[in-house]
Structures are given as C-alpha cells and as structure tokens.
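# Coordinate analysis (summary)
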Amino acid sequence: MRAADIVALLGSETSARKVIRNLIRKGWLSRIVGGKYMLLPPEHGPENLGENNNLALAAAAVDPSYIGWWSAAAWHGFTTQKPMTVFVAVLRQMLPRMIEGSDVRFVKVTARKFFGHRSYDVYGRSVNISSPEKTLVDCLDRPDLAGGAAELTRITDSALAGIDIPELLAAAKAMKSKALLQRLGFLADLVGRPLPDEARQSLRDSIPKSYRSHFGRAEPREGDIGYVAAWGLAVNARDSDLLAEVPRIRRREEG
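Summary of the structure given here. (Residues numbered from 1 in each chain as written. Predicted model: local features only at pLDDT ≥ 70, side-chain atom pairs only at ≥ 80, totals over all residues. Heavy atoms only, no water.)

### Let's talk about the side chain of Arg154
Our working rule: The helix count covers DSSP runs of H or I at least four residues long, the strand count covers runs of E at least two residues long, and both are numbered beginning at the N terminus. For each residue, the accessible area found with a 1.4 Å probe, counting protein chains only, is set against the maximum for its type, and the residue is called buried under 20%, exposed over 50%, and partly exposed in between. What makes two residues a contact is simply this: any of their non-hydrogen atoms within 4.5 Å.
Tracing the sequence through the fold places Arg154 in helix α6 (residues 149-160). With relative accessibility at 5%, the residue Arg154 sits in the buried group. Residues contacting Arg154, with those up to four places away along its chain left out, are Phe78, Thr79, Thr80, Gln81, Glu245, Val246 and Pro247.

### Focus on helix α5 (residues 132-141)
Counting along an α-helix, one turn takes 3.6 residues, and residues three or four places apart therefore face a common direction. The element α5 is largely enclosed, with a buried count of 10 among its 10 residues. Turning to α5, its buried residues are Pro132, Glu133, Lys134, Thr135, Leu136, Val137, Asp138, Cys139, Leu140 and Asp141.

### Overview of the packing of α5 against helix α7 (residues 165-174)
Rule in force here: A fitted line through C-alpha atoms serves as each axis, taken over the contacting stretch for helices, and the angle formed by two N-to-C directions is quoted from 0 to 180°. Each angle is binned into one of four classes, with values under 35 degrees roughly parallel, values over 145 roughly antiparallel, values of 65 to 115 roughly perpendicular, and all other values oblique. For any helix crossing, the convention is left-handed if the near helix is rotated counterclockwise from the far helix by under a right angle, and right-handed if that rotation is clockwise. Following the grouping adopted for this structure description, the nonpolar residues are Ala, Val, Leu, Ile, Met, Phe, Trp, Tyr, Cys and Pro, the charged ones are Asp, Glu, Lys and Arg, and the polar ones are all others, Gly among them.
Viewed as axis vectors pointing N to C, α5 and α7 meet at an angle of 40 degrees, and their least axial separation amounts to 9 Å. The angle between α5 and α7 falls in the class oblique. For the pair α5 and α7, the sense of crossing is right-handed. Of the residues in α7, those touching α5 at Glu133, Leu136 and Val137 are Glu167, Leu168, Ala171 and Ala172. Here the contact of α5 with α7 is built from residues that sort into 5 nonpolar, no polar and 2 charged.

### What about the nonpolar core?
Applied cut-off: Here, nonpolar core means buried Ala, Val, Leu, Ile, Met, Phe, Trp, Tyr and Cys residues that are tied together by side-chain atoms lying within 4.5 Å of each other.
One finds Phe186 and Leu195 to be the most contacted residues of the largest nonpolar core, which totals 44 residues. Counting residues per element, the ones that place at least two in this core are α4 (69-75), β4 (85-90), α5, α6, α7, α8 (178-190), α9 (197-205) and β11 (233-236). In contact with Leu195, other than residues within four places in its own chain, are Leu160, Ile165, Leu169, Leu184, Ala188, Arg200 and Leu203. In this structure, Ala58, Val62, Ile67 and Val122 belong to the second largest nonpolar core, which totals 20 residues.

### Quick notes on the layout of surface pockets
Using a probe with the size of a water molecule, rolled over the atoms, empty space left in the structure can be pinpointed. Condition: Here a cavity denotes grid points, spaced 1 Å and computed from the protein atoms alone, that fit a 1.4 Å probe unable to get out, and a pocket denotes an open set having protein on both sides within 12 Å along at least 5 of 7 lines; residues with an atom within 4 Å of a point are the lining. Grid points are joined across faces, edges and corners, and a volume is the space filled by probe spheres set on the points.
Considered as a void within the structure, the second largest pocket measures approximately 190 Å³ in volume. What lines the second largest pocket is a set of 14 residues, among which Arg204, Ile207, Pro208, Lys209 and Ala230 lie closest to the centre. Examining the composition of the lining of the second largest pocket, we find that 3 residues originate from one element, α9, more than from any other. Considered class by class, the residues forming the lining of the second largest pocket number 7 nonpolar, 3 polar and 4 charged.

### Thoughts on the side chain of Asp138
Rules: Counting of polar contacts relies on pairs of N or O atoms within 3.5 Å, with two restrictions inside protein: one atom must be capable of donating a hydrogen and the other of accepting it, and residues adjacent in sequence are counted only when both atoms are side-chain atoms.
Positionally, Asp138 belongs in helix α5. You can call Asp138 buried: its relative accessible area is 2%. A distance of 2.9 Å separates polar atoms of two side chains, one belonging to Asp138 and the other to Tyr66. Dropping the residues within four chain positions of it, Asp138 is found in contact with Tyr66, Trp69, Ser130 and Met175.

### Comments concerning the pattern of salt bridges
When the charged atoms of two side chains lie near each other, side chains of opposite charge can form a pair. Our working definition: A pair is scored as a salt bridge if a Lys or Arg side-chain nitrogen falls within 4 Å of a carboxyl oxygen belonging to Asp or Glu.
Going through the model one piece at a time under the given rule, you end up with 9 salt bridges. Taking the shortest distance from any N to any O, the salt bridge between Asp144 and Arg142 comes out at 2.7 Å. For Asp144, a relative accessible area of 48% corresponds to the partly exposed category. The partner of Arg154 in a salt bridge is Glu151, with the nearest N and O atoms 3.1 Å apart. Linking Arg154 with Glu151, this pair stays in helix α6, spanning 3 residues, or about one helical turn.

### Brief notes about the packing of aromatic side chains
Operational definition: When the centres of two rings from Phe, Tyr and Trp lie within 6.5 Å, Trp using its six-membered ring, the rings pair. Their planes under 30 degrees apart give stacked, over 60 give edge-to-face, and anything left gives tilted. Charge over a ring is defined by NZ of Lys or CZ of Arg lying within 6 Å of the ring centre and within 35 degrees of the ring normal.
Using the criterion set out here, one finds 4 aromatic pairs in the structure. With centroids separated by 5.2 Å and ring planes inclined at 55 degrees, the aromatic side chains of Tyr66 and Phe114 adopt a geometry described as tilted. Linking Tyr66 in strand β3 (residues 66-67) with Phe114 in the loop between β6 (102-108) and β7 (117-122), this pair joins segments that are 48 residues apart in sequence. With respect to burial, Tyr66 and Phe114 carry one shared label: buried. Taken together, the ring pairs in this structure connect Tyr66, Trp69 and Phe114 into an aromatic cluster. Here the basic side chain of Lys178 rests over the ring of Tyr211, its NZ or CZ set 5.2 Å away from the ring centre.

### Observations concerning unusual backbone geometry
The omega angle of the peptide bond from Asp63 to Pro64 is 5 degrees, so this bond is cis rather than trans. Mapped onto the elements, Pro64 comes out in the loop between α3 (53-60) and β3. For Trp69, which is not glycine, the phi dihedral falls at a positive 55 degrees. Topologically, Trp69 is positioned in helix α4.

### Focus on the pairing of strand β8 (residues 125-130)
Stated formally: Strands are labelled as partners when DSSP assigns at least two bridges between them.
Of the strand pairs in this sheet, β7 and β8 are connected by 6 bridges, and their pairing is antiparallel. Residue pairing across strands places His117 opposite Ser130, the latter belonging to β8.

The following block contains the structure:
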C-alpha cells in the first residue's frame, strides 16, 4: 500500500497523512520504505505478525524480490541461528535499510540467478522465500551471506537431510558457478552426506578438471584441510572448525 493510494481514497493529502499517523501509532500500519506501508490485519492485533514479521516487511519493500541466503536457511530450519540481518534478493541496486527495527540488506543478483523462490505463509502474509534447494544453492554461492564457512557447513548438513537432490543439482548447475559446484561436492562429503553416485558423477562432470578455487579464509594456515583433489578445491580451514557447528556430528563426538 502506498501513501498515494490512501490520498486517492480519502481525497485529501492532509487527511491521509493524519490517518496514516494514527494507524502507525495504534500498530495497524507499518512503514516499509519511502511512501510504502503494510497494513497489519486485525486478527494479528498490534503485535505485528509475530517474530517473523521482519520477513514480510522486508519482502514487501521491493517487487520483485525474495528472502534468501541465511534468512531463508533459518526459515527452513537449516540452522538454529537467528540472523540479525534480513537478506533480500533483488534485481536492482538498493541501499540497506532499517525497517521496523530490523536491518535489511538488499542483494542485487543477475537475472540468471533470480529463480527458485515461492510463496510461503508467514503469520498470515504471503512472502516470497527461496525454496529449500535454492536456499542451499544461494548459500553455497555466497558463503559470506550465510554466516561464513562453518555456518554454511551446518546449513549444508541440515539441508541435505531432506531436500530433493535432482532439484538441488538442477538449481546448482543453473547458477553457472564452478566454485559453487565444488563447494557442494566437498561439503556433502565432509558432513557425511555424500551425493548419490549418479548425482556425484554429474556434478564432477560439470567441473573442468583444471579448474581450481578455494573455500574458507583468504589465506591458508597450518592445520588446514588443504587441497582436496576430488573437487579441485583448496580448503583454508580445519575440518574441526568447519564441523564444530554441525549438531549431528557434535553430539556423536561428545557421546
């Protein structure tokens, strides 16, 4: 809803702004960006849609868009972490904003990567969020938007426990990123959820034998995993550090 819509409805800018101020004060209207607002339905009262209200507000700030990366991973239950920032995929450059107390970062992606999202019900609001498969793919593409290498490892472990592998591979290949494919293959092996043989071979066939990339810190340190020949990936991190946040593995080691 835009301020102009309320002005057109009431026929007076002065009256419209008074109504807007009153609705915001009473908790029935929330300001998103510029002259754009979200009407909060009466059945939710002034509590603003519950704890995931920030997803609905962030997604409503620009169209088209979808909630992605770490925020989507948390929504799908791939991590117990609650990101302080809401990450929103958009097709044009936008500055970060504070919306109703939540940091919102708009991440511009190319049209080729803007796919794999669907509408989910978030406390009575339809919100575009990346699918489980695309969420993992996006996180593999941008570990910096997924909490870093260790958190991405946890997300990968949780996601691979239940997502559709053919859909995952299709989404991963559509991104046209060899480094993404290398990270997927390596992390699947690391967490003990290797891809089925056919899927694994398909992934390897999509990576040129001469292609190299790295994962983890910018510079290697003593004790790091190092070069993983199976995936052509230099891993600048210790396996214990990467696996430290994987609950399934941590429980096994503690037991």
